[in-house]
Protein chains: 2
Amino acid sequence: MRQIIEERTGSYSRHASVPDMHGAYLRVAAHVTVLHEGDTARRIMEVVEGAMMLTKLLPDGRRQVVELLGPGDVFGLAACDVYACSAETLTTAVITTHDRGALDRDPALASRLLRRFETQLCAMHSHALVLGRMSALERVAFFLLRLMPESVVGGTLHLAMTRQEIADFLGLTLETVSRAFSELKRRGLVALLRADEVQINDRNSMRRLAGAA
Amino acid sequence: MRQIIEERTGSYSRHASVPDMHGAYLRVAAHVTVLHEGDTARRIMEVVEGAMMLTKLLPDGRRQVVELLGPGDVFGLAACDVYACSAETLTTAVITTHDRGALDRDPALASRLLRRFETQLCAMHSHALVLGRMSALERVAFFLLRLMPESVVGGTLHLAMTRQEIADFLGLTLETVSRAFSELKRRGLVALLRADEVQINDRNSMRRLAGAA
DNA sequence: CTCCCCGACTGATCTGGATCAATCTTAGAG
DNA sequence: CTCTAAGATTGATCCAGATCAGTCGGGGAG
């Protein structure tokens, strides 16, 4: 069995940095910032369990959630020598890290990460279409479909994000996201059991709104 | 020397597909669609020379240019088994293709593509911030800085894109892009020698507008 | 149980960029 | 050279979503 290092909530403040564990698994509480945009990029990381988000900030505080990550997704990337994004857990999460040098030494790792990068790059392409060309209602429909796998039919989706976080992901304001949820409910496409518990009732209409995504 | 297969303009219609050349180099004229979103994904491609753009379409015709590519950049990606984007040359270009299976067999190739994917993924993260949170003027400033490398000081940048293509890249309309160019000119940050020939006069102000990018 | 507080919702108003509608400019054709 | 057509610019108006301003609701502390 693989080693799992448990880190309790209290041992990480919201802005703590991750200790330099090599190859080990690391359990992190929800709402912890694991990486900071602009810090020196030493390691590449993978989500093993849980959900995370990558964010970028403008100098004046405007924020964009650039990517949502689930198990298998890779983060800690850098175009130059510093991290391009901050990374924050949405739920309790387990992550692994790899030395950047290991990419050349370990072909199996490189091959696996390559495949994952391809998936994530395609997801970013879709997201560019969402951010650049879709209306508010379409964006929220797209968001919900993306989070709700086909398989789950009657099930309810638990949102681990606030309206503000969803807004920062979709390039909207929290008020607009809230109105979009209400409008989808009014049209009978979704049901809101609680603010963070959504049920998709009319998948076809949702798909049509989201551009057959 | 590597083999270069020259393809003349006339031999490709705007919507022709690329013949199945393995590992060879292929010269393609400007404004040729090399890949079509939704086609079966057989090969992974690399830009050797020239500039290209990747686009995605919504069913109703809205278009997003999701990525701009230069030498070294990779395209022809697929999340499932079909291409996620169409790929079109902006200038005359030289491209290579690799069999998708070669990624496992050739660690050097995998390692090189991995590095490039990382760069492109970071570029997409920046672009998400641009599309989600920046004003029209900021977007255009960011776009021009990105295209104009630091080194070139007094030089002029030749835009290989129409206002419509720039608009589709930045999530705006062509009118708004045109107005942004005029505003940057009015403020003295750029000079427009011709519609497609730009000079950056005040790099610092541009950088401030673009969010210190 | 009540109280408190944070997040969600909703209404009223404002505005940046979209849309609609002419020109203007400039390669390229003849 | 002139003529033409495609792209760029500019102006007028409109509207989706931002902003501002409360109110609502539900889960945790006491």
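An unreviewed UniProt entry annotates chain A as Helix-turn-helix domain-containing protein originating from Ancylobacter radicis.

Asks: Whenever I open this one, the protein's contact with DNA strand C confuses me. Can you help?
Replies: Looking at DNA strand C, there are 17 residues lining it, with A:Arg163, A:Ser182, B:Ala136, B:Thr176 and B:Arg194 nearest. Among the atoms of DNA strand C lying within 4 Å of the protein, the sugar-phosphate backbone contributes 66%. Within the backbone of B:Ala136, an N or O atom sits 2.8 Å from a phosphate oxygen of DNA strand C. Among the elements that line the surface near DNA strand C, the one with the most residues is helix α5 (residues 174–186) of chain A, at four residues. Looking at the surface near DNA strand C, its residues break down into four nonpolar, seven polar and six charged.

Asks: I'm lost on the sheet that holds strand β12 (residues 197–200) of chain A in this one. Help?
Replies: Hydrogen bonds between backbone atoms are what pair the strands of a sheet, whose relative direction is either parallel or antiparallel. Residue and element names in this part refer to chain A. An order of β10-β12-β11 is seen for the three strands of this open sheet, with the pairing classed as antiparallel. With partners counted over all chains shown, the strands left at the sheet margins are β10 (157–158) and β11 (190–194), one partner each. Relative to β12, β10 is paired through two bridges, and the arrangement is antiparallel. Among the inter-strand pairings, histidine 158 is bridged to a residue of β12, identified as glutamate 197. Packing of helix α3 (residues 136–147) onto the sheet brings it into contact with β10, β11 and β12, and relative to β12 it is tilted by some 90 degrees.

Asks: I keep staring at the environment of A:Val130 and nothing clicks. Help me out?
Replies: Residue and element names in this part refer to chain A. Residue position: valine 130 is located in helix α2 (residues 107–133). Valine 130 gets classed as buried once you look at its relative accessible area, which sits at 1%. Note: C-alpha distance between valine 130 and valine 140 (ten residues apart in sequence) is 9.6 Å. Setting aside its immediate chain neighbours within four residues, valine 130 contacts Arg139, Phe142 and Leu170.

Asks: Looking at this structure, I do not really get the relation of the copies chain B and chain A. What am I missing?
Replies: For the pair of chain copies, the relating transformation is a rotation about an axis with a translation along it. Structural alignment of chain B on chain A gives an RMSD of 0.0 Å, achieved by rotating through 180 degrees and translating 0.0 Å along the axis. What the rotation and shift describe, once combined, is the action of a two-fold rotation axis. Here 100% of the interface residues in chain B have copies in chain A that are interface residues too; the copies meet face to matching face.

Asks: Sorry if this is basic, but what is going on with the interface of chain B and chain A here?
Replies: Size of an interface, as often reported, equals the accessible area lost when the parts are brought together. Contacts between the two partners involve 45 residues from chain B, matched on the other side by 45 residues from chain A. When chain B packs against chain A, the two sides together hide about 4,000 Å² of surface, and 67% of this comes from carbon and sulfur. It is B:Leu114, B:His125 and B:Arg133 that lose the most area in chain B upon contact with chain A, and together they represent 19% of the buried surface on that side. For A:Glu118, the salt bridge goes to B:Arg100, with nearest N and O atoms at 2.5 Å. Where chain B packs against chain A, one counts 22 residue pairs in polar contact (both at pLDDT 80 or more). Among the secondary structure elements, those contributing two or more residues to the side of chain B that touches chain A are β5 (52–57), β6 (63–69), α1 (102–105), α2 (107–133) and α4 (163–170) of chain B. The element contributing the most residues to the side of chain B that touches chain A is α2(B), with 19 residues. Classifying every residue of the side of chain B that touches chain A gives 25 nonpolar, nine polar and eleven charged.

Conventions adopted
- Residues numbered from 1 in each chain as written.
- Chains lettered and ligands numbered in written order.
- Predicted model: local features only at pLDDT ≥ 70, side-chain atom pairs only at ≥ 80, totals over all residues.
- Heavy atoms only, no water.
- Near = heavy atom within 4 Å.
- Polar contact = N/O pair within 3.5 Å; in protein donor to acceptor, adjacent residues only side chain to side chain.
- Helix = DSSP H or I, 4+ residues; strand = E, 2+ residues; numbered from the N terminus.
- Nonpolar A, V, L, I, M, F, W, Y, C, P; charged D, E, K, R; others polar.
- Pairing = 2+ DSSP bridges.
- Contact = heavy atoms within 4.5 Å.
- Axes fitted to C-alpha atoms, helices over the stretch in contact; angles between N-to-C directions.
- Buried < 20%, exposed > 50% of the residue type's maximum accessible area, 1.4 Å probe, protein only.
- Least-squares fit on C-alpha atoms with pLDDT ≥ 70 in both.
- Buried area = accessible area lost by both parts, 1.4 Å probe.
- Salt bridge = Lys/Arg side-chain N within 4 Å of Asp/Glu carboxyl O.

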